[in-house]
Amino acid sequence: KLAFGILFLWLLALAGISAIQARMWGNWGLLATVWATDHPLSLRSAQELGSYFVSINEPEKAIEQYLMAQQRGIKSAELPLAALLVSCQNNIPNESNLLNESLLAIKHTNYSNGLFSLLQNLRISSNNSVCPDMLSNEKWWQLSDAYLNNKKLRMGGESFIRIERS
């Protein structure tokens, strides 16, 4: 009887923990916030929280999240480039000069597929004049120059950039 009682209490505890965790798993905002809080130096957690803010139409919070993650020490050009893209696509004034921050970060970053994807999306925004004051063709060329000047990035996007620039 004692063994069954202990087993019942153990199963009850597991059910309670699962119920609490299931609520978090079903709440993207809570999950992204907890992940970013628990892993403040994780690029993926910062990106996920930023993406969540964009999805709920709070682009200013997304930009703030990307820039705060960069200030915490995450060394990736994806953060200022994502902030630049969100700022551009939502017509948010660019007081912090995201282009210059992006150019500086590109010089020292390593290649990632996300970086190349951001560059492609910025090019589309530039071509479509989504935010001509913030991201003109000339400014996109500056970004692509910085990308090509970083030897760690050339293999991942050089052909795309050369085609876009021709």
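What comes next concerns the included structure. (Residues numbered from 1 in each chain as written. Predicted model: local features only at pLDDT ≥ 70, side-chain atom pairs only at ≥ 80, totals over all residues. Heavy atoms only, no water.)

**Here's the deal with the nonpolar core**
Which entries qualify depends on this criterion: We define a nonpolar core as any set of buried Ala, Val, Leu, Ile, Met, Phe, Trp, Tyr and Cys residues linked to one another through side-chain atoms lying within 4.5 Å. Per-residue accessibility, obtained with a 1.4 Å probe over protein chains only, is compared with the maximum for each type, and a residue is labelled buried under 20%, exposed over 50%, and partly exposed between these values. The helix and strand labels rest on DSSP assignments: H or I over at least four residues marks a helix, E over at least two residues marks a strand, and numbering proceeds from the N terminus. Any two residues whose heavy atoms approach within 4.5 Å are treated as being in contact.
Formed by 43 residues in total, the largest nonpolar core has its most connected members in L81, L84, I106, L122, L143 and Y147. When residues of this core are traced back to their parent elements, those giving at least two are helix 2 (28–38), helix 3 (43–55), helix 4 (59–72), helix 5 (78–89), helix 6 (98–108), helix 7 (113–127), helix 8 (137–149) and helix 9 (154–165). It is helix 5 that provides the largest number of residues to this core, a total of 8 residues. When neighbours within four sequence positions are excluded, L122 is seen to be in contact with L81, L84, L85, L135, W140 and L143.

**Looking at helix 8**
Cut-off, in case you're wondering: Multiplying 1.5 Å by the helix residue count minus one yields the expected span of that helix.
Here helix 8 is 13 residues long and its end C-alpha atoms lie 18 Å apart, about the 18 Å a rise of 1.5 Å per residue gives. Residues of helix 8 that are buried make contact with helix 5, helix 6, helix 7 and helix 9.

**Here we look at the packing of helix 3 against helix 5**
Inclusion rule: To obtain each axis, a line is fitted to C-alpha atoms, and for helices this fit is confined to the stretch in contact; angles are then taken between N-to-C directions over 0 to 180 degrees. Roughly parallel here means an angle under 35 degrees, roughly antiparallel means over 145, roughly perpendicular means 65 to 115, and every remaining angle is called oblique. For this scheme, ten residues count as nonpolar: Ala, Val, Leu, Ile, Met, Phe, Trp, Tyr, Cys and Pro. Four count as charged, namely Asp, Glu, Lys and Arg, and the remainder, Gly too, count as polar.
Viewed as axis vectors pointing N to C, helix 3 and helix 5 meet at an angle of 10 degrees, and their least axial separation amounts to 11 Å. Classified by the interaxial angle, the pair formed by helix 3 and helix 5 is roughly parallel. Touching L43, A46, Q47 and V54 of helix 3 are E78, L79 and V86, all from helix 5. A per-class count over the contact of helix 3 with helix 5 returns 5 nonpolar, 1 polar and 1 charged.

**As for the pattern of salt bridges**
Let me state the cut-off plainly: By definition here, a salt bridge exists when the distance from a side-chain nitrogen of Lys or Arg to a carboxyl oxygen of Asp or Glu is within 4 Å.
According to the stated counting rule, one finds 1 salt bridge in the structure shown. A salt bridge links E58 to K61, with the nearest nitrogen and oxygen atoms 3.0 Å apart. Note on E58: relative accessible area 27%, which makes it partly exposed. Among the residues examined, K61 registers a relative accessible area of 40% and is labelled partly exposed.

**Topic: a nonpolar patch on the surface**
What counts is decided by this rule: For patch building, the residue pool is restricted to those with more than 30% relative accessible area and no salt bridge; the joining distance is 9 Å between like charges and 5 Å between nonpolar side chains (Val, Leu, Ile, Met, Phe, Trp, Tyr). For every accessible area listed, the method is Shrake-Rupley and the probe measures 1.4 Å; residues are considered covered only by the protein chains on display.
A cluster of nonpolar side chains, contributed by F4, L7, W10, L11 and L14, occupies part of the molecular surface with about 540 Å² of accessible area. Its location among the elements puts L11 in helix 1 (residues 2–25).

**A closer look at the packing of aromatic side chains**
How two aromatic rings sit relative to each other is given by the distance of their centres and the angle of their planes. Rules: A pair of aromatic rings is counted whenever rings of Phe, Tyr or Trp (Trp by its six-membered ring) have centres within 6.5 Å, and the orientation is called stacked for planes under 30 degrees apart, edge-to-face for over 60 and tilted otherwise. Charge-over-ring placement is defined geometrically: NZ (Lys) or CZ (Arg) within 6 Å of the ring centre, and within 35 degrees of the ring normal.
Inspection of the entire model under this criterion finds 2 aromatic pairs. An angle of 80 degrees between the planes, with centres 5.3 Å apart, marks the rings of W28 and Y52 as edge-to-face. Note that W28 is positioned in helix 2 and Y52 in helix 3, a separation of 24 residues in sequence. For W28, a relative accessible area of 36% translates into the label partly exposed. The class of Y52 is buried, set by a relative accessible area of 19%. With centroids separated by 5.8 Å and ring planes inclined at 50 degrees, the aromatic side chains of Y52 and F53 adopt a geometry described as tilted. Using a relative accessible area of 15% as the deciding quantity, one classes F53 as buried. The ring of W140 is capped by R123, whose NZ or CZ atom sits 4.4 Å from the centre of that ring.

**What to know about the packing of helix 7 against helix 8**
Formally: Here a crossing is taken to be left-handed if its near helix is turned anticlockwise relative to the far helix by less than a right angle, and right-handed if that turn runs clockwise.
Where helix 7 meets helix 8, the closest approach of the two axes is 9 Å, and the angle between their N-to-C directions is 160 degrees. Relative to helix 8, helix 7 is oriented roughly antiparallel. Here helix 7 and helix 8 pass one another in a crossing that is left-handed. Along the contact surface, helix 7 presents L115, F116, L119, L122, R123, S126 and N127, while helix 8 presents N137, W140, L143 and Y147. A breakdown of the residues in the contact of helix 7 with helix 8 according to their chemical character gives 7 nonpolar, 3 polar and 1 charged.

**What to know about unusual backbone geometry**
Even without a glycine there, the phi angle at N57 is positive, about 60 degrees. Tracing the backbone through its elements, the reader meets N57 in the loop between helix 3 and helix 4. On the basis of relative accessible area, N57 is assigned to the exposed category, the value being 61%. Look at N91: it is not a glycine, yet its phi comes out positive at around 50 degrees. Considering the arrangement of structural elements, one finds N91 in the loop between helix 5 and helix 6.

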